[in-house]
Amino acid sequence: MAPHTIAGMFALSAGLLCARPARGAMAWLASAGPQGLLLRQLLPSGIAILLATAFIAEFGHKGGVYGAAHRAALELSTAIVLLSALVLWAAAVLARLDAARAAVTRAYEKTAAYLKASTEASVDGIITADERGMIETVNPAATRHFGFTAQEMIGRNVSMLMPEQNRSRLDRYLQHYFSTGARGTSGGRREVRGLRKDGAQFPLELAVSETRVDGHRLFTGIVRDISSGVGFSCPASWQRAMKSACCSG
Amino acid sequence: MTASPHSPNLDQRMLSILRNVHAGACVVLVALGVTVLTGWAGGVELLKSIGPNFDAMRANTAFAFLVAGITLWLLRENNDRALKSQRFPRVGGAIVAAIGMLTLCEYLTRWNLGIDQLLFLDVDSSFKSPPGRETFNAAVGFTLAGAALLMLETRIAQWLAAATALPALCQQSVTFMRRRHSKGRLRL
């Protein structure tokens, strides 16, 4: 096989491997995780070490620096030392990555605990829904407001929580929002009617915010039952209600 | 709270490098094929062998490289038209695999199928293989590469792709070891 045929074969192999870089073993190579880092660093380094030791040993032998026996011994021992150093370096990299991952996990668990405590203790209902309006999470206050259990709400459309006459308005709003990007409900606060499980309607104040998770829109709605006259927009009445609650307690 | 499924965590810079490697490989293969075939068409030895001290590349080998390069380019990730039609990429992969498999058959059965000099008349008998016939290692490589091209969307394709380089790697290692264990310089 001529040298340029060998080069062509390597090019063909490389081209085929890189034709789908986000799949299979190539996805490991392109991964931003530890496996990608190790593959990108270890594989070429290991090959380079073996080739370099072979060529250097050959060069010294041809130059008359040492004989055939010394060449083999030198090649073997150099390869062992350098490959051991490479493995040690890989272990150090893994240890650093593991420490960083553990720190991130601890921070995440702390944040998650705070968030869970806040949402569970909240007197306002907190409901998250995806861009189709399907409920993903609810907190205990939301289940109390609407009278449903969490299992009954998750996976169903938010329109279940509003009277029939408001449902088509929500669909129109979402269609308008996704086609134009113009915000109506999102970011603002408004008074709407809610629908309990027993069919009773009640006034509630709604604030909706939007965020993106993994490229998908996620809507978070905070609902406050204002049937007792306490709402977001009534700080004075809220203070009165708090005061009376404290005094009566 | 429920969590959304995670998207693959890929290094975008590395992905970009791999896509560039793919594009570069296509360019190299097409350039190699066109250069050598031009050499065969015009009878220019320097183009057939690229370097002054190298053996000439066989015409079938150059043709297989050319077809493989074009097919690989058509099968690139964002080429929706070719990926939808699939006709030309399949034909290209089949040609590359056929060149490899038929040559392998010739080696294994010692039967001349007449494909060695189909493109150009080759009378150079200074090689171990019959005139015009690509080496056994090249035939194995093209068989694997053709199969990888035909099955590019399957999981086995990357293993076949990696195996494509093995015959060339073995050949290179054997050449290196021979040179090591001989005083004189051997032909590649």
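Being a predicted model, the structure only gives us computed values, none of them experimental. (Residues numbered from 1 in each chain as written. Chains lettered and ligands numbered in written order. Predicted model: local features only at pLDDT ≥ 70, side-chain atom pairs only at ≥ 80, totals over all residues.)

J.: Sorry if this is basic, but what is going on with the overall build of chain B here?
T.: Secondary structure summary: chain B contains 8 helices and 0 strands in total. Listing each helix as α and each strand as β along chain B from the N terminus yields α-α-α-α-α-α-α-α. Each of the 188 residues in chain B was classed as buried or not, and the buried ones make up 37%. Considering only intrachain contacts with a sequence separation of at least 6, the fraction spanning at least 24 residues in chain B is 61%. (Helix = DSSP H or I, 4+ residues; strand = E, 2+ residues; numbered from the N terminus. Buried ≥ 20, exposed ≤ 12 C-beta atoms within 10 Å, placed from the backbone. Contact = placed C-beta atoms within 7 Å.)

J.: I would appreciate a short explanation of the overall build of chain A in the present structure.
T.: Along the backbone of chain A there are 8 helices and 5 strands. If you list the helices and strands of chain A from N to C, you get α-α-α-α-β-β-α-α-α-β-β-β-α. In chain A, 40% of the contacts between residues at least 6 apart in sequence involve partners at least 24 apart.

J.: Is there a simple way to explain the interface of chain A and chain B in this structure?
T.: Contact residues are listed per partner, giving 37 residues for chain A and 51 residues for chain B. Counting only elements with at least two residues in the side of chain A that touches chain B, the list comes to helix H1 (3-17), helix H2 (24-29), helix H3 (34-62) and strand E2 (135-138) of chain A. With 14 residues, the top contributor of residues to the side of chain A that touches chain B is H1 of chain A.

J.: In this structure, what is going on with the environment of Val36 of chain B? I would like to understand it.
T.: Residue and element names in this part refer to chain B. For Val36, the position within the fold is in helix H1 (residues 12-42). In the structure, Val36 is positioned 11 residues away from Leu47 in sequence and 5.4 Å away in space, judged by C-alpha atoms. Those residues in contact with Val36 that lie beyond four places of it in its chain are Leu47, Lys48, Met57 and Ala62.

J.: Even after reading the chapter, I still don't get the nonpolar core, so can you show me in this structure?
T.: Nonpolar side chains in soluble globular proteins generally cluster together in the buried interior. By size, the foremost hydrophobic cluster in this structure holds 55 residues, and its most contacted members are Ala68 and Ala148 of chain B. Looking at this core, the elements that each hand over two or more residues are H1 and H2 of chain A together with H1, helix H3 (59-74), helix H5 (87-109), helix H6 (136-150) and helix H7 (156-164) of chain B. Residue contributions to this core peak at 10 residues, all from H3 of chain B. Core analysis: the next-biggest nonpolar cluster, separate from the first, contains 17 residues, Phe146, Val158, Ile222 and Val223 of chain A among them. (Core = buried A, V, L, I, M, F, W, Y, C linked by C-beta atoms within 7 Å.)

J.: Mind showing me how you'd approach the confidence of the model for chain B here?
T.: Interpretation of this model should avoid reading the predicted coordinates in detail wherever pLDDT is low. Residues and elements named next belong to chain B. In the predicted model, chain B carries a mean pLDDT of 80, and the fraction of residues at 70 or more is 81%. Confidence drops under pLDDT 50 across residues 1-7; counting only partners more than four residues distant or on other chains, this segment forms 8 contacts. This stretch, residues 183-188, has a pLDDT under 50; its non-local contacts, to residues over four places away or in other chains, come to 8 contacts. (pLDDT = per-residue confidence, 0-100.)

J.: Just checking my understanding: could you explain the pairing of strand E3 (residues 189-195) of chain A for this structure?
T.: Strand residues, when the strand is regular, have side chains that alternate between the two faces of the sheet. Residue and element names in this part refer to chain A. Both E3 and strand E4 (residues 201-213) contribute to a ladder of 7 bridges, which runs antiparallel. Bridged to Val192 within E4 is Leu204. Hairpin connection, E3 to E4: the antiparallel pair is bridged by 5 residues, and Gly199 has positive phi, about 95°. (Pairing = 2+ DSSP bridges.)

J.: Looking at this structure, how should I read the pairing of E4 of chain A?
T.: Residue and element names in this part refer to chain A. Sheet analysis places E4 next to strand E5 (residues 216-225), joined by 10 bridges and oriented antiparallel. Bridging across to E5, Val208 finds its partner in Gly221. Where E4 hands over to E5, the hairpin turn is made up of 2 residues, of which Asp214 adopts a positive phi near 50°.

J.: Which parts of the structure should I look at to understand the packing of H3 of chain B against H5 of chain B?
T.: If you want to describe how two helices pack, look at the angle between their axes and the distance between the axes. Residues and elements named next belong to chain B. Their axes nearest at 9 Å, the elements H3 and H5 cross at an angle of 155°. Considering the angle they form, H3 stands roughly antiparallel to H5. H5 is crossed by H3, and the crossing has left-handed handedness. In contact with Asn60, Ala64, Val67, Ala68, Ile70, Thr71 and Leu74 of H3, H5 contributes Phe88, Pro89, Gly92, Gly93, Ile95, Val96 and Ile99. Grouping the constituent residues of the contact of H3 with H5 by class yields 10 nonpolar, 4 polar and no charged. (Axes fitted to C-alpha atoms, helices over the stretch in contact; angles between N-to-C directions. Parallel < 35°, antiparallel > 145°, perpendicular 65-115°, else oblique. Left-handed = near helix turned anticlockwise from the far one by under 90°. Nonpolar A, V, L, I, M, F, W, Y, C, P; charged D, E, K, R; others polar.)

J.: Even after reading the chapter, I still don't get unusual backbone geometry, so can you show me in this structure?
T.: Of note, Arg110 of chain B is a non-glycine position whose phi angle comes to about 55°, a positive value. Inspection of the secondary structure puts Arg110 of chain B in the loop between H5 and H6.

J.: Explanation requested: the sheet that holds E2 of chain A in the structure shown.
T.: Remark on secondary structure: sheet strands pair via backbone hydrogen bonds, oriented parallel or antiparallel. Residue and element names in this part refer to chain A. Taken together, 5 strands build an open sheet; the order of strands is E2-E1-E5-E4-E3 and the sheet is antiparallel. Looking at which strands have only one partner, the edges of the open sheet turn out to be E2 and E3. Put simply, the sheet's adjacent strands are angled 35° from each other on average, direction ignored. With 6 bridges joining them, strand E1 (residues 125-130) and E5 adopt antiparallel strand pairing. What sits directly across from Thr128, in E5, is Thr220.

J.: How should the packing of H3 of chain B against H6 of chain B be read in this particular structure?
T.: Residues and elements named next belong to chain B. Axis separation between H3 and H6 bottoms out at 11 Å; the angle between their running directions is 20°. One way to sum up the angle between H3 and H6 is to call them roughly parallel. Between H3 and H6 lies a crossing whose hand is left-handed. When H3 is examined against H6, the residues Thr61, Ala64, Ala68 and Thr71 are found in contact with a partner set consisting of Ala138, Phe142, Ala145 and Leu149. When the residues that make up the contact of H3 with H6 are grouped by side-chain class, the tally is 6 nonpolar, 2 polar and no charged.

J.: It is not clear to me how H7 of chain B should be interpreted in this structure. Could you clarify?
T.: Because the α-helix completes a turn every 3.6 residues, residues three or four places apart line up on one side. Three or more residues of H7 of chain B are buried, namely Ala157, Gln158, Leu160, Ala161 and Thr164 of chain B. Buried residues along H7 of chain B cover an arc of 160° about the axis, so they all sit on one side. Here the buried face of H7 of chain B lies against H1 and H2 of chain A together with H6 of chain B. (Arc of directions from axis to C-beta.)

J.: Please explain the environment of Leu118 of chain B as it appears in this structure.
T.: Along the chain, Leu118 of chain B falls in the loop between H5 and H6. By C-beta crowding, Leu118 of chain B is classed as partly exposed, having 13 other C-beta atoms within 10 Å.

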